[in-house]
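What follows is each chain in one-letter form.
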Amino acid sequence: MGDDLKILSEKIKQKALALGFDICGTAKARHLSEQELHFRAWLGKGMNDRMAYLERDPAGRFNPELVFSGVKSLIVAGISYYSEQGQVERDVPVLTRYAYGEDYHDVIIPKLRKLLSFIREKVPGAEGRAFSDTGFLHEKSWIVEAGLGWQGKHSIMINPQIGSYFFIGILMVNIELDYDDPFTRDRCGSCRLCIDSCPTAAINEDRTIDARKCISNLTIENRGPIPEEIVPKLGGRVYGCDRCQEVCPWNKGIKPHNHPEFRISEAVASMTRKDWESITEDRFKSLFGRTAVVRVKFPDFRRNIVDAFRSMGTSG
Ligand code: B12
Ligand code: SF4
Ligand code: SF4
């Protein structure tokens, strides 16, 4: 039985890689009660800013059984979006790398569903649920549980082979598997580059982020104005922020992804200052319609463009 589970788990991981994921591991479903306490403490300090959705059902985020009754295992996968090709023009508003290509939900969820079909061929009756930033689940915790990496001081997960520029996708299943050992090492050591480089000092000492200061939150999730004291620190960023990952030694020398879905389109890559200044809602939709950028409504995107231009030439 043990050997059968090992073989099945190995086949599932191989299939995940064949479907385009770069890393995959397995974890036993369990209640991560310690993480839940830290999460609640973070909410208690108001660090989630206006992301009220994080306050709904904090228990379920750390207890898979509350999300999918009968769950036994989590298949945890990562897919790299690191690319060296990006925006061509200098002096234009800067996009985070993760927004270059297709919206990652639309890429990852279908892959996880294909993985589930594969599992059902091997184990008739197996059932599963797929997640990638789509449900009430604290996804980063499961990277550690599945032995795939550790949480950097910037709070993002790092894998020793592919660095931190990867998305997480999780398939919960109602069958037992052979499990990977949790990743217990902290490989940040004495480094603090990310903490010291964050333009807005948004990184707390306990590997959490103060979203009220984080440029990623303020340009993506935030529906009000960007606080005036933050604007000069935007450093031209118009959607998201990669600064804490750019300085990380674990992202030096990593291989660029080979996922065509995540490639930046020619039209976006070559946008000039004038294109950014004169963008209309129709143009916004045609340029970014398939990317995660359209999760921001056009008026908020315009707000970001204006503030990104205002910040250029300052020390962000
Ligand atoms: C809310 C959210 C955000 C918020 C808050 C960020 C954050 N660090 O939490 C904002 C909008 C700022 C954000 C930004 C980004 N995000 Co985001 N985000 C999420 C989301 C939806 C939930 C994360 C969450 O629950 N945060 C709450 C805090 C409390 O969790 P935490 O920081 O991990 O804290 C835990 C630990 O620090 C620990 N802890 C704290 N103290 C202690 C002490 C001890 C002793 C111990 C043991 C543990 C411990 O407990 C806490 C709770 O588990 C996830 C998707 C998901 N459903 O999980 C994506 C997710 C985390 N985001 C992702 C990405 C890509 C980003 C950005 C890189 C995008 C960008 N370029 O702009 C930035 C990165 C900013 C940063 N430095 O973190 C990816 C990360 C992938 C990866 N490799 O890790 C995720 C997983 C989405 C996905 N499916 O791929 N994000
Ligand atoms: S994403 Fe940017 S603003 Fe947010 S913590 Fe990282 S460096 Fe700081
Ligand atoms: S920059 Fe340094 S401290 Fe920050 S996550 Fe990378 S290795 Fe860890």
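Attention now moves to unusual backbone geometry. Even without glycine at this site, Asp91 takes up a positive phi of about 65 degrees. Here Asp91 lies in the loop between strand 2 (73–80) and strand 3 (94–95). Its identity is not glycine, yet Ala201 carries a phi of approximately 55 degrees, on the positive side. With respect to the element layout, Ala201 can be found in the loop between helix 7 (193–197) and helix 8 (215–220). With a relative accessible area of 47%, Ala201 lands in the partly exposed category.

What the domain assignment reports for the protein chain is domain 1 (2–173) and domain 2 (193–255 + 263–311). A straight line from the C-alpha centre of domain 1 to that of domain 2 covers 22 Å. In this complex, domain 1 contributes 46 residues to the contact, which on the side of domain 2 involves 52 residues. Summing both sides of the interface, domain 1 and domain 2 together bury roughly 4000 Å²; the carbon and sulfur share of this comes to 58%. Applying the counting criterion to the domain 1 and domain 2 interface returns 3 salt bridges. Across the pair Arg97 and Glu246 runs a salt bridge, and its minimum N-O distance is 3.5 Å. For the pair domain 1 and domain 2, the interface holds 19 residue pairs in polar contact (both at pLDDT 80 or more). Secondary structure elements with two or more residues in the side of domain 1 that touches domain 2: strand 3, helix 5 (104–122) and strand 5 (150–151). Among the residues making up the side of domain 1 that touches domain 2, the classes are represented as 21 nonpolar, 15 polar and 10 charged.

With that out of the way, let us pick up the site of ligand 1. Close to ligand 1 lie 40 residues; Gln35, Glu139, Ser155, Met157 and Ser216 are nearest. At a separation of 2.9 Å, an oxygen atom of ligand 1 approaches a polar side-chain atom of Lys140. Take Ile168: an N or O atom from its main chain is 2.9 Å from an oxygen atom of ligand 1. Going through the elements one at a time, helix 2 (33–44), helix 6 (139–145), strand 7 (166–173), helix 8 and helix 9 (243–246) are the ones with two or more residues in the shell around ligand 1. When residues in the shell around ligand 1 are grouped by element, the largest group, 5 residues, is from helix 2. Two domains each donate at least three residues to the shell around ligand 1, and these are domain 1 (2–173) and domain 2 (193–255 + 263–311).

Counting buried residues in strand 2 gives 8 out of 8 residues, a clear majority hidden from the surface. By the alternation rule, side chains of strand 2 split into Ser73, Ile75, Ala77 and Ile79 and Leu74, Val76, Gly78 and Ser80, which are all buried. Summarising the sheet, strand 1 (residues 23–28) and strand 2 pair through 6 bridges and their orientation is antiparallel. Bridge pairing links Ile23 to Gly78 in strand 2. Both strand 2 and strand 7 contribute to a ladder of 8 bridges, which runs antiparallel. Residue pairing in the sheet places Ile75 in a bridge with Leu171 of strand 7.

Time to look at the sheet that holds strand 2. Taking strand neighbours across the sheet as the criterion, the 4 strands line up as 1-2-7-4 in an open arrangement whose pairing is antiparallel. Looking at strand neighbours, the two that pair on one side only are strand 1 and strand 4 (128–131), the edges of this open sheet. Put simply, the sheet's adjacent strands are angled 20 degrees from each other on average, direction ignored. Lying on the sheet, helix 1 (residues 2–18) is in contact with strand 1 and strand 2; it crosses strand 1 at an angle near 145 degrees. Packed on one face of the sheet, helix 5 meets strand 2, strand 4 and strand 7 and runs near 35 degrees to strand 7.

Cut-offs and rules
Residues numbered from 1 in each chain as written. Chains lettered and ligands numbered in written order. Predicted model: local features only at pLDDT ≥ 70, side-chain atom pairs only at ≥ 80, totals over all residues. Heavy atoms only, no water. Helix = DSSP H or I, 4+ residues; strand = E, 2+ residues; numbered from the N terminus. Buried < 20%, exposed > 50% of the residue type's maximum accessible area, 1.4 Å probe, protein only. Domains from an automatic or database assignment. Contact = heavy atoms within 4.5 Å. Buried area = accessible area lost by both parts, 1.4 Å probe. Salt bridge = Lys/Arg side-chain N within 4 Å of Asp/Glu carboxyl O. Polar contact = N/O pair within 3.5 Å; in protein donor to acceptor, adjacent residues only side chain to side chain. Nonpolar A, V, L, I, M, F, W, Y, C, P; charged D, E, K, R; others polar. Near = heavy atom within 4 Å. Pairing = 2+ DSSP bridges. Axes fitted to C-alpha atoms, helices over the stretch in contact; angles between N-to-C directions.

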